[in-house]
Each structure stands twice: as structure tokens, then as C-alpha cells.
Amino acid sequence: MNTIKITDEKALQTAFAIRQKVFIEEQKVSEEEEFDEFDTLDAACDHILVYYNDQPVGTGRLRVVADYGKLERICILKEFRNFGLGKVIIQSLEGIALEKGLTKSKLNAQSYAEGFYEKLGYKRVGEEFMDCGIPHILMKKQFNRV
């Protein structure tokens, strides 16, 4: 298991293919809602891929929003979801946030995944809301400085 920061168009298209399978095909999110202005190599965000046995199977991105690292578009192909890869993606994105000098992060978690994010130090903030027809909750985390 390892992650790479995406730096070329081929890797970015691989990430998009994973998001297509998970969010559009599996979860029925519209393409218009899934892809946005941050989905380019020169956008104000960092995209990553996570690999399992040298195969790209998950992705996520990080944007700086106010003074937070905002973790977004986190997903793993269905057949690779019980191998600890979600934690790898979160830790990788948090590492990028720390490199940028940020001290906290946030994300809009699908509500069913609240427990997963709690185990990684995230705390629920506010009430459940709908995004793309899926229940979500805002979660935040303060980084521990080493």
C-alpha cells in the first residue's frame, strides 16, 4: 500500500476513473455534481492515488479552504474496501495539509462512515445534511504537532 501525489494527466485520469466507478456508477451521483473546477492538474488542490499490489484502487484530494485542509472525493473501489486503504488516504492527505502549514482539517463525510472518521480523530460538527442525494455530516480534526 502506498500513495502518490498526482502530477501528470494519466494519473489524474486514473483517479477520475475510480471516482466514476464509485460515485457515479455505484452511488448514482451525477457527473455534473462529481466533477468540478478543481479537477485539473493546475487547480488549487492536490490529488492522490492509493495503490494496492501496484494497482491504483483509491483516490482523494485536498483543498485549502480558509485555514483548513479540506479532504474531498475520497473513495476506494468496492473490492478493495477492507484493506485499510481509507486510513492510508486520510493520512496521506493530512500529511499534505501539514506540509502546507495547516493545523486542522475538515471533510463532509457520508453519514454511514462517521465511525470510520471518528477512529481517525475526526469529530462531528452540526447536523446531518444532504449532498448529491446522500446524507452527510461535517467533521473536523485538529492536528497534533510533533
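What you are looking at is a predicted structure, and each value in this text was computed from that prediction instead of being measured.

Going through the model one piece at a time under the given rule, you end up with 6 aromatic pairs. With a centroid separation of 4.9 Å and 75° between ring planes, the pair formed by Phe 116 and Tyr 117 is classed as edge-to-face. Given the relative accessible area of 32%, Phe 116 is considered partly exposed. Ring pairs connect the aromatic residues Tyr 52, Phe 80 and Phe 83, which therefore count as one cluster. The cationic tip of Lys 106 hangs over the ring face of Tyr 68; the distance from NZ or CZ to the ring centre is 5.2 Å.

Bringing the side chain of Ser 105 into the picture now. Tracing the backbone shows Ser 105 in strand 5 (residues 104-110). There is a polar contact of 2.7 Å between the side chain of Ser 105 and the side chain of Tyr 122. Setting aside chain neighbours within four positions, we find Ser 105 in contact with Tyr 68, Gly 69, Leu 71, Glu 94, Tyr 122, Met 139, Lys 140, Lys 141 and Phe 143.

Compared with the 21 Å implied by 1.5 Å per residue over 15 residues, the 21 Å span of helix 3 (residues 85-99) between its first and last C-alpha is a close match. Turning to helix 3, its buried residues number three or more, namely Leu 85, Gly 86, Ile 89, Ile 90, Ser 92, Leu 93, Glu 94, Ile 96 and Ala 97. Of the residues one or two after helix 3, Gly 101 is the one with positive phi, at around 85°.

A few words on the pattern of salt bridges. One pass over the full model with this rule turns up 15 salt bridges. The residue Glu 26 makes a salt bridge to Arg 81 at a minimum N-O spacing of 2.8 Å. A residue pair is termed long-range when its members are at least 10 positions apart, and Glu 26 in helix 1 (residues 9-26) and Arg 81 in the loop between strand 4 (68-76) and helix 3 qualify at 55 residues. The class of Arg 81 is partly exposed, set by a relative accessible area of 33%. With a closest N to O distance of 3.1 Å, Arg 73 and Asp 36 form a salt bridge.

Conventions and cut-offs
- Residues numbered from 1 in each chain as written.
- Predicted model: local features only at pLDDT ≥ 70, side-chain atom pairs only at ≥ 80, totals over all residues.
- Heavy atoms only, no water.
- Phe/Tyr/Trp six-rings, centres within 6.5 Å; stacked < 30°, edge-to-face > 60°.
- Buried < 20%, exposed > 50% of the residue type's maximum accessible area, 1.4 Å probe, protein only.
- Lys NZ or Arg CZ within 6 Å of the ring centre and 35° of its normal.
- Helix = DSSP H or I, 4+ residues; strand = E, 2+ residues; numbered from the N terminus.
- Polar contact = N/O pair within 3.5 Å; in protein donor to acceptor, adjacent residues only side chain to side chain.
- Contact = heavy atoms within 4.5 Å.
- Expected span 1.5 Å × (residues − 1).
- Salt bridge = Lys/Arg side-chain N within 4 Å of Asp/Glu carboxyl O.

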